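In case you want the letters, here they are:
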Amino acid sequence: MPFRTAHAAALVRPTDRAADHPAPPPALAGIGLKARHAALLLDSRPPVAFLEIHAENYMGAGGPPHRWLAALREHYPVTVHGVGLSLGGATPLDEDHLDALARVVERSRPALVSEHLAWSQSDGVHLNDLLPIPYTPATLAHVAARIDRVQERLRRPILIENPSAYIRYANSPIPEAEFLAELTRRTGCGILLDVNNLFVCAHNIGADPLTYLDAIPAGAVGEYHLAGHHHRRFPDGTSLRIDDHGSRVIPEVWALYRAAVARIGARPTLIEWDSDIPPLDVLCDEAARADAEAAAAETAAAETGAALATPTPTPEVRDAVGA
Amino acid sequence: MRSVREFQARMRDFAFDADGRGALVGALADCGGPPMADRLSIHRNTTMLGLAGALGDGFPVVRRLVGELFFDRMAQDFLRAHPPRRASLLTIGAEFPAFLTGYAPVRELPYLSDVARLECAWTHAYHAADGEPLHPQILATLDPERLGELRLSPLPSQRLLAAAYPVDAIWRSNQEAAPDEEIRLDSGPVHLLVHRPEMAVVFHPLSRGAFSFLMALAAQQTLAAAWDSALATDPDFDLASELAGLLTARAFGGYRLP
């Protein structure tokens, strides 16, 4: 059932608490909420645009995580990023997990909800990894149906993130950017463009990031992700870039971010940092850098007369959010 | 989708067992650069080391007792036997204490499984639904003639734990900046109430009688029946003082008096 149908739109009633969500945060940078930073965030309230949580860390019934989140929600917009739904999985969608995600969304009433174009579960076993899928007409229909199901359950559109990859499938005829574009057309979902993942894929499996950016429907992009990665070099001189979210964003990724902002426009942008987590001020510093890079890219694009796409929601998305 | 499903199943087996790499390669394209084995190993490491790390975060005292390197190997053995069935890793390792009981390399540490059970109880209490504890003076507001019919319910965070070793002392002495505490492994069994009356998880040592008493109340028995249970375990069980102590510890989340 595509989310854009009149039926799906009719599901969105003012009484649906899950649909009663705030507008997206401003097109500025936010940071991931880490348990160890919660008290300091609440005390010092640094000027970041939003806080992003991993949905799976808030699937407990109660306790300190929810207490901190409720307190921080008073001061910052919250966005929810799911890492466990396995939208690209070929075995049935984990409805219990979807229920748990719906509870997190209802409880935290996030400004944005996102998940991955990836699989992480097979026959009920969870791999704790986000693996790419082959891009074929069959997988396109499969993933679109699962996104429909999720949006119907959450009663709101979600953003879908491009994965990082170390392998490429032999049979994968549809370019990833076109696959994502088609998902937005079929389901009314948006795109979370992870600029670091795009860079990592370019290095590891030979995608061309600028062609990719040109193929992405700018109006569907609702958020960017930025992160550091690990460059692993092998004795024979080859290397892989490992998407470990454990360091600062590298200059090449900042450059690609500027290129993305010049083509697509500024959007809410998350600094992701999930391993070797640094002090809060390092995250805030990266967020300030992202704001400066986006502003510079927009100014440069305006000067060269490039037309910036504005984030106009598709009619389907407008219907979906009841705007 | 059938070929995708088969590939994903093989990839899953490879991630947990490092076997069957050959069966994967046929579905993949050569993109030059590092060989396929190195590429696939990244996925295997993400799964096994990521999950071992999550397990260690859930069992920090067990990890500290055996050391990180040993823990990682043990965690991988556990994960191969019990791959996680949930995407949320908050409560990963429910089967870990039982696994440790039968895990030959830790036979010399007979208390390890009990420590793991305490850490499971801690994690459960930390993430359980919040509950408002009954006021310690609640009994004074009830009809004294009918107290025998009273049913006291636990907080959602409650776990009752009986162990052959002093696991609460072992736990405490393995926290950051813990003061020196003499631990005697032969000091006899312990009975613990693990719960979270507010935001902090608390261990409350219980007498044998109080443990039976709380077990009976948690099974929704009346105060009179729970008292009988306690006396059957411990003829010296003193209801008035034990109940006052449990109320002061804010052990209960509600009551029913028909």
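Residues numbered from 1 in each chain as written. Chains lettered and ligands numbered in written order. Predicted model: local features only at pLDDT ≥ 70, side-chain atom pairs only at ≥ 80, totals over all residues. Heavy atoms only, no water.

Chain B appears in an unreviewed UniProt entry as DUF2063 domain-containing protein from Azospirillum griseum.

As recorded in an unreviewed UniProt entry, chain A goes by UPF0276 protein EJ903_14940 and comes from Azospirillum griseum. According to UniProt, the comment filed for chain A under the heading Sequence similarities (unreviewed entry) is "Belongs to the UPF0276 family." (UniProt positions renumbered as here; feature names shortened; annotations may be inferred.)

(A) Seen up close, the overall build of chain A. When its secondary structure is counted, chain A shows 11 helices and 13 strands. Within chain A, the proportion of its 323 residues that are buried is 59%. Of the contacts made within chain A by residues no fewer than 6 positions apart, 80% connect residues no fewer than 24 positions apart. Carbon and sulfur atoms make up 55% of the accessible area of chain A, which totals about 12,200 Å². (Helix = DSSP H or I, 4+ residues; strand = E, 2+ residues; numbered from the N terminus. Buried < 20%, exposed > 50% of the residue type's maximum accessible area, 1.4 Å probe, protein only. Contact = heavy atoms within 4.5 Å. Areas by Shrake-Rupley, 256 points an atom, 1.4 Å probe, with all protein chains shown as cover.)

(B) Spatial organisation of the nonpolar core. Among the nonpolar cores identified, the biggest contains 132 residues, and Ile31(A), Val62(B), Met74(B) and Phe96(B) are the most heavily contacted of them. Summarising the domain contributions, this core has at least three residues from each of domain 1 (1–109) and domain 2 (129–258) of chain B. Apart from residues lying up to four places away in sequence, Phe96(B) is in contact with Leu55(B), Phe59(B), Val62(B), Phe71(B), Met74(B) and Phe78(B). Listed in part, the 24 residues of the second largest apolar core include Leu193(B), Ala226(B), Phe237(B) and Leu247(B). (Core = buried A, V, L, I, M, F, W, Y, C linked by side-chain atoms within 4.5 Å. Domains from an automatic or database assignment.)

(C) Representation of the interface of chain A and chain B in the model. The partner chain B presents 42 residues to the 47 residues of chain A that form the contact. Across the contact surface, chain A and chain B share 2 salt bridges. Linking Arg5(B) and Asp123(A) is a salt bridge whose minimum nitrogen-to-oxygen distance equals 3.3 Å. Joining chain A to chain B, the criterion identifies 18 residue pairs in polar contact (both at pLDDT 80 or more). Within the residue set of the side of chain A that touches chain B, elements represented by two or more residues are helix H3 (64–73), strand E5 (119–122), strand E6 (125–131), helix H5 (137–154), strand E8 (168–169), helix H7 (195–205) and strand E12 (239–242) of chain A. At 6 residues, E6(A) tops the list of elements feeding residues into the side of chain A that touches chain B. Where E8(A) and strand E1 (residues 28–29) of chain B come together, 2 bridges link them in antiparallel fashion. Looking across to E1(B), one finds that Tyr169(A) is bridged to Leu28(B). (Salt bridge = Lys/Arg side-chain N within 4 Å of Asp/Glu carboxyl O. Polar contact = N/O pair within 3.5 Å; in protein donor to acceptor, adjacent residues only side chain to side chain. Pairing = 2+ DSSP bridges.)

(D) Focus on the domain arrangement of chain B. Per the domain assignment, the segments of chain B are domain 1 (1–109) and domain 2 (129–258). For domain 1 of chain B and domain 2 of chain B, the distance between their C-alpha centres works out to 38 Å.

(E) The arrangement of the sheet that holds strand E4 (residues 190–195) of chain B in detail. All names here are of chain B. Strands sit in the order E3-E4-E5 across an open sheet of 3 strands; the sheet is antiparallel. The open sheet terminates on both sides in strands that have one partner only, identified here as strand E3 (159–163) and strand E5 (202–205). When the angles between neighbouring strand axes are averaged without regard to direction, this sheet yields 25 degrees. Both E3 and E4 contribute to a ladder of 5 bridges, which runs antiparallel. Within E4, the residue paired with Leu160 across the bridge is Leu193. (Axes fitted to C-alpha atoms, helices over the stretch in contact; angles between N-to-C directions.)

(F) Fine view of the packing of helix H3 (residues 36–58) of chain B against helix H5 (residues 68–81) of chain B. Residue and element names in this part refer to chain B. Running from N to C, H3 and H5 cross one another at 105 degrees; their axes reach a closest spacing of 9 Å. When the axis of H3 is compared with that of H5, the two are roughly perpendicular. Between H3, through Arg44, Met48, Leu49, Leu51, Ala52, Leu55 and Gly56, and H5, the contact on the second element is made entirely by Phe71, Asp72, Ala75, Gln76, Phe78, Leu79 and Arg80. Each residue belonging to the contact of H3 with H5 can be placed in one class, and the counts come to 9 nonpolar, 2 polar and 3 charged. (Parallel < 35°, antiparallel > 145°, perpendicular 65-115°, else oblique. Nonpolar A, V, L, I, M, F, W, Y, C, P; charged D, E, K, R; others polar.)

(G) Main features of the pairing of strand E1 (residues 29–32) of chain A. All names here are of chain A. Two elements, E1 and strand E13 (residues 269–272), share 3 bridges in a ladder whose sense is parallel. Among the inter-strand pairings, Ala29 is bridged to a residue of E13, identified as Thr269. Sheet topology places E1 next to strand E2 (residues 51–54); 2 bridges connect them, and they run parallel. Residue pairing for E2: Ile31 is matched across the bridge by Leu51. The handedness of the E1 to E2 crossover, carried by helix H2 (residues 38–44), is right-handed. (Right-handed = clockwise from strand over helix to strand, strands pointing away.)

(H) Broad picture of the pattern of salt bridges. A full pass over the atoms with the stated rule returns 23 salt bridges over all chains. The salt bridge partner of Asp114(B) is Arg117(B), with a shortest N-O separation of 2.9 Å. With Asp114(B) and Arg117(B) both in helix H7 (residues 112–127), this residue pair falls 3 residues apart, about one helical turn. A relative accessible area of 33% means that Arg117(B) is categorised as partly exposed. For Arg184(B), the salt bridge goes to Asp186(B), with nearest N and O atoms at 3.2 Å. Note on Arg184(B): relative accessible area 47%, which makes it partly exposed. Among the residues examined, Asp186(B) registers a relative accessible area of 58% and is labelled exposed. Here the salt bridges do not stand alone but share partners, grouping Asp123(A), Arg5(B), Arg12(B) and Asp13(B) into one network.

(I) Representation of helix H4 (residues 95–108) of chain A. Residues and elements named next belong to chain A. With 14 residues, H4 extends 20 Å from end C-alpha to end C-alpha; this agrees with the ideal 20 Å at 1.5 Å per step. All of the buried residues along H4 are His97, Leu98, Ala100, Leu101, Ala102, Val104, Val105 and Ser108. Those residues of H4 hidden inside the fold are in contact with E2, H3, strand E3 (78–81), strand E4 (112–116) and H5. Directly beyond the C-terminal end of H4, a positive phi value near 35 degrees is found at Arg109. (Expected span 1.5 Å × (residues − 1).)

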